[in-house]
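Architecture and fold: a report
Take a look at the letters that make up each chain.
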Amino acid sequence: MVFRWMATLGLLAGLIATPAVRADVVKVAVASNFAAPIQRIAADFEQATGHKLLISLGSTGKFHAQIRNGAPFDVLLAADQETPRKLEAEGLAVPGSRFTYATGRLVLWSRDAGRVDAEGRVLQGGGFERLAIADPRLAPYGAAAAAVIDKLGLKDTLAPRLVQGDSIGQAHQFVASGHAELGFVALAQVLVDGRLTGGSAWRVPEALHAPLHQDAVLLRPGADRPAARALLDHLRSVRLESFGYAR
Amino acid sequence: MTVDAADVEAIVLTLKLAALSSLILLLLATPLAWWLAQGRSRGRAAVSALVTLPLVLPPTVLGFYLLVLLGPDGPVGQLTRHMGWGLLSFSFTGLLIGSVLASLPFAVQPIQHAFESLGRRPMEVAATLRARPLDAFFSVALPQARAGLLTAVILSFAHTIGEFGMVLMVGGNIPGETRVVSTQIYGHVEALELGRAHTLAAGMVLLSFGVLLMLARMRRGRGGRVAP
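Residues numbered from 1 in each chain as written. Chains lettered and ligands numbered in written order. Predicted model: local features only at pLDDT ≥ 70, side-chain atom pairs only at ≥ 80, totals over all residues. Heavy atoms only, no water.

Chain B appears in an unreviewed UniProt entry as Molybdenum transport system permease from Aquariibacter lacus. Taken from UniProt, the Sequence similarities (unreviewed entry) comment for chain B reads in full: "Belongs to the binding-protein-dependent transport system permease family. CysTW subfamily." What UniProt records for chain B under Function (unreviewed entry) is the sentence "Part of the binding-protein-dependent transport system for molybdenum; probably responsible for the translocation of the substrate across the membrane." (UniProt positions renumbered as here; feature names shortened; annotations may be inferred.)

Per an unreviewed UniProt entry, chain A goes by Molybdate ABC transporter substrate-binding protein and derives from Aquariibacter lacus. Per UniProt, chain A carries the Sequence similarities (unreviewed entry) text "Belongs to the bacterial solute-binding protein ModA family." What UniProt states about chain A under its Subunit (unreviewed entry) heading is, verbatim, "The complex is composed of two ATP-binding proteins (ModC), two transmembrane proteins (ModB) and a solute-binding protein (ModA)."

A look at the sheet that holds strand S7 (residues 162-165) of chain A
Residue and element names in this part refer to chain A. The mixed open sheet is built from 5 strands, whose spatial order is S7-S6-S8-S5-S11. Either end of the sheet is taken by a strand with one partner, and the two such strands are S7 and strand S11 (200-203). The average undirected angle you get between the axes of adjacent strands in this sheet is 30°. Direction of pairing for strand S6 (residues 131-134) relative to strand S8 (residues 182-186): parallel, over a ladder of 2 bridges. (Pairing = 2+ DSSP bridges. Helix = DSSP H or I, 4+ residues; strand = E, 2+ residues; numbered from the N terminus. Axes fitted to C-alpha atoms, helices over the stretch in contact; angles between N-to-C directions.)

Remarks on the layout of surface pockets
Residues and elements named next belong to chain A. By volume, the largest pocket is sized at about 420 Å³. Taken together, 24 residues line the largest pocket, and the ones lying closest to its centre are Asp80, Glu82, Thr83, Pro140 and Ala143. Among the secondary structure elements, those contributing two or more residues to the lining of the largest pocket are helix H3 (60-68), helix H4 (82-89), helix H5 (140-151) and strand S12 (212-218). Here the element with the most residues in the lining of the largest pocket is H5; it accounts for 4 residues. Of the residues in the lining of the largest pocket, the class split is 13 nonpolar, 6 polar and 5 charged. (1 Å grid on protein atoms, 1.4 Å probe; cavity = no way out; pocket = protein on both sides within 12 Å on 5 of 7 lines; lining within 4 Å. Points joined across faces, edges and corners; volume = space filled by probe spheres on them. Nonpolar A, V, L, I, M, F, W, Y, C, P; charged D, E, K, R; others polar.)

Overview of a nonpolar patch on the surface
Side chains of Val3, Val8, Ile11, Val12 and Leu15 of chain B sit close together on the surface and give an oily, nonpolar patch of about 380 Å² of accessible area. Locating Val12 of chain B in the fold gives a position in helix H1 (residues 5-38). (Patch = residues over 30% accessible without salt bridge, like charges linked within 9 Å, V, L, I, M, F, W, Y side chains within 5 Å. Areas by Shrake-Rupley, 256 points an atom, 1.4 Å probe, with all protein chains shown as cover. Salt bridge = Lys/Arg side-chain N within 4 Å of Asp/Glu carboxyl O.)

A word on H4 of chain A
Residue and element names in this part refer to chain A. Looking only at H4, the buried set comprises Thr83, Pro84 and Leu87. An end-on view of H4 places all buried positions within 100° of arc, on one side of the element. Where H4 is buried, its residues meet H3, strand S3 (75-77) and S12. Remark: Gly91 follows H4 within two positions and exhibits a positive phi of approximately 75°. (Buried < 20%, exposed > 50% of the residue type's maximum accessible area, 1.4 Å probe, protein only. Arc of directions from axis to C-beta. Contact = heavy atoms within 4.5 Å.)

Given below as structure tokens:
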């Protein structure tokens, strides 16, 4: 009899204890350039912890505006350091939670093999009608692309051929679908397992633009969620070289 | 409240796009509406449904298929390249094609209603007076349907100005070529330049209100016969 009671109590205790380790849902805003890695990271993270990630992709500038207007994201994986820093200053992110999770590379890419040479000389000449970049106001990769064009002294010649995507994701889509022959995209977008998915590319020397350090930050809605902190911890331990990033 | 050169450029481009779209639509929609209102062919229901499609489809659907069709792998894209015109996506022409398609029902429906309310009688009378069908159309049917034509032009103009989703997909945000007021507002909001967004948005509200007010006045003057 007593044994039965104990068993029932044990079962009840088990039921009550379960929520403590219950799987949680984490809402993550992710800069478009990190679209491929975050899919893999999410799969690993969900398997390891039982938590679930809700991923939103977009430009960093767009997320900044959305978060300021009350978007309920727990974590932001930005494409720059500036936006997380600003969010922290604005009291919208948890102080001290910021860290650089990746450093990206900018590439000039075409889906046509042999169109882009190893020095990017294709930009100086003709032979193309459209050059896609991300909106420099919203996307750090777009700002970096604009800086490169400026530094090469090609601002005036290239201006009429520029096609602006909303994010680096849209810029990539413009080139991948062939609507634009060339585009400045993130190396991570055209790399799978360390190899170019196709076409031709010029890895833009990092001296031509400010480094693309990308910071992650814990946002206010995620402050009390262990799952959100667990995701940031997980992110610190992931190797990103094969995705086209340095740490 | 500030308006800079980029905003003015977007406004001018939007007005140009809307004016050209409604002009093309007037020429295209009038014969189509006549055929839908008077014709006896079997395909009328299907064509009517087809013309109305852009009214219910998300603009992204239109934008998506335009991207596919006008792209280098699409039939239209291959044709335009073959003709040496390059690709139409991210160009004013591409945007114009999209606008005409998106606003088609707004032009066809008022004209069709006007022709339908005319009935067959005036054309039959004209025929007994030995007017050839084309002559009767231009001197009897068209003047009678004047209010419908006007409504069509105004509505397609207003709708083109308000188009957003399709432009965002096929536009590419090029100043003076594809960057219209609606996408400019979107960009301002995304970049947190709310003052600039506000100026343009308020202008759109005023303009749209003015257009609808004008239509309502016209309708009252005609005893409710001018249906959009």
